[in-house]
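# Coordinates in review
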Amino acid sequence: MASKRIKRTDRRSLAAAGVSFVRARRVRAAVATGLAIMSVGSAYGFGVAGHSVASAVAESRLCSRAREAVARLGDGQSLARLSRWADEIRSTPEWEHSAPWHYMNIADDASLAQYRTPESGDVLWAIHAFAQQLADESLTRDARGDALRFLVHFIVDIHQPLHVGRQQDRGGNAISLRLDGQRTNLHRLWDSGIIARDSRARDRYLASVMALADANASDWVAASPQDWAAGSKGLRALVYDFDGAPDPAYLDAAGRVLRRQLARAGVRLAATLNGIFCDPQADRESSR
């Protein structure tokens, strides 16, 4: 539905909305890719859907140099497809050491200023490390390609509130729940269950997240990765605000938060890639 609506929009109304005709085509392409990836969610788990939505937002905001670099280093794959790689390889012998890079543990009463990175690394460390590797033109194409795949994934991960979690409950993994008669846990609910509930009309879901990105991008791009982590940590009061099984009011509120977090992740992923590959003006354009 969203893509059809954009197709019917003429040049004047796009211009009035502050959207270039070229970018409108990019949005249509990103939405189409996002919808296609979301449709295979049952094969990979709906966590794929969240990464696909944020990737579609980011892809629509890339400058031309960033788009070319992603195509070159990512073997022509979309950001949505690249975003799945870090989860697909984390249990292999070669990459099992990457598992701690998907999250960070921080106590309720600790600040990010007090936080110290563990020796095994964490999601905040990984974002900094792989952004540096991606920008390093002295590295091999394969090394930079892996850095791109990791970065695309981890920038979205840090916006899931329970990926900036409490060590004592393993980021919500140790909190068992029943939802719609099915056993799950709090982490899985926020990773995939809420998005699965809200994104049955996939085109409308993507359109709503795109709209949030367009409306708020200029306020979001200046934040640092530490700010992203602090923002996720700041959502704990809502995340843990239930007694027994989450009720519809909780799920509705969580859905609104996750749509906003996915929009933030997409905007910031695009700004990061534009900052690496493009001139400073491109960074400003990604905030429009």
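Model, not experiment: these values are computed from the prediction.

## Describing the overall build of the protein chain
Within the protein chain, the regular secondary structure consists of 16 helices and four strands. For the protein chain, the residues scored as buried account for 50% of the 288 residues in total. Here the analysis covers contacts within the protein chain between residues at least 6 apart in sequence; of these, 72% occur between residues at least 24 apart. Of the accessible surface of the protein chain, which amounts to about 13,600 Å², a share of 49% is contributed by carbon and sulfur atoms.

## Section: the state of the cysteines
Each disulfide is one covalent bond, formed between the sulfur atoms of two cysteines. Counted according to the given criterion, the structure contains one disulfide. Across the disulfide, Cys63 is cross-linked to Cys278 (sulfur-sulfur distance 1.6 Å). Here Cys63 is found in the loop between α5 (47–60) and α6 (64–73), whereas its partner Cys278 is found in the loop between α15 (248–277) and α16 (280–285), with 215 residues between them in sequence. With respect to class, Cys63 is no different from Cys278; both count as buried.

## Focus: helix α13 (residues 225–233)
If you check which residues of α13 are buried, you get Pro225, Trp228, Ala229, Ser232 and Lys233. Seen along its axis, α13 keeps its buried residues to an arc of 135°; they face one direction. Buried positions along α13 lie against β1 (104–105), α9 (123–135), α10 (141–157), β2 (164–165), α14 (236–239) and α15.

Reading the values: the criteria
Residues numbered from 1 in each chain as written. Predicted model: local features only at pLDDT ≥ 70, side-chain atom pairs only at ≥ 80, totals over all residues. Heavy atoms only, no water. Helix = DSSP H or I, 4+ residues; strand = E, 2+ residues; numbered from the N terminus. Buried < 20%, exposed > 50% of the residue type's maximum accessible area, 1.4 Å probe, protein only. Contact = heavy atoms within 4.5 Å. Areas by Shrake-Rupley, 256 points an atom, 1.4 Å probe, with all protein chains shown as cover. Disulfide = S-S within 2.5 Å. Arc of directions from axis to C-beta.

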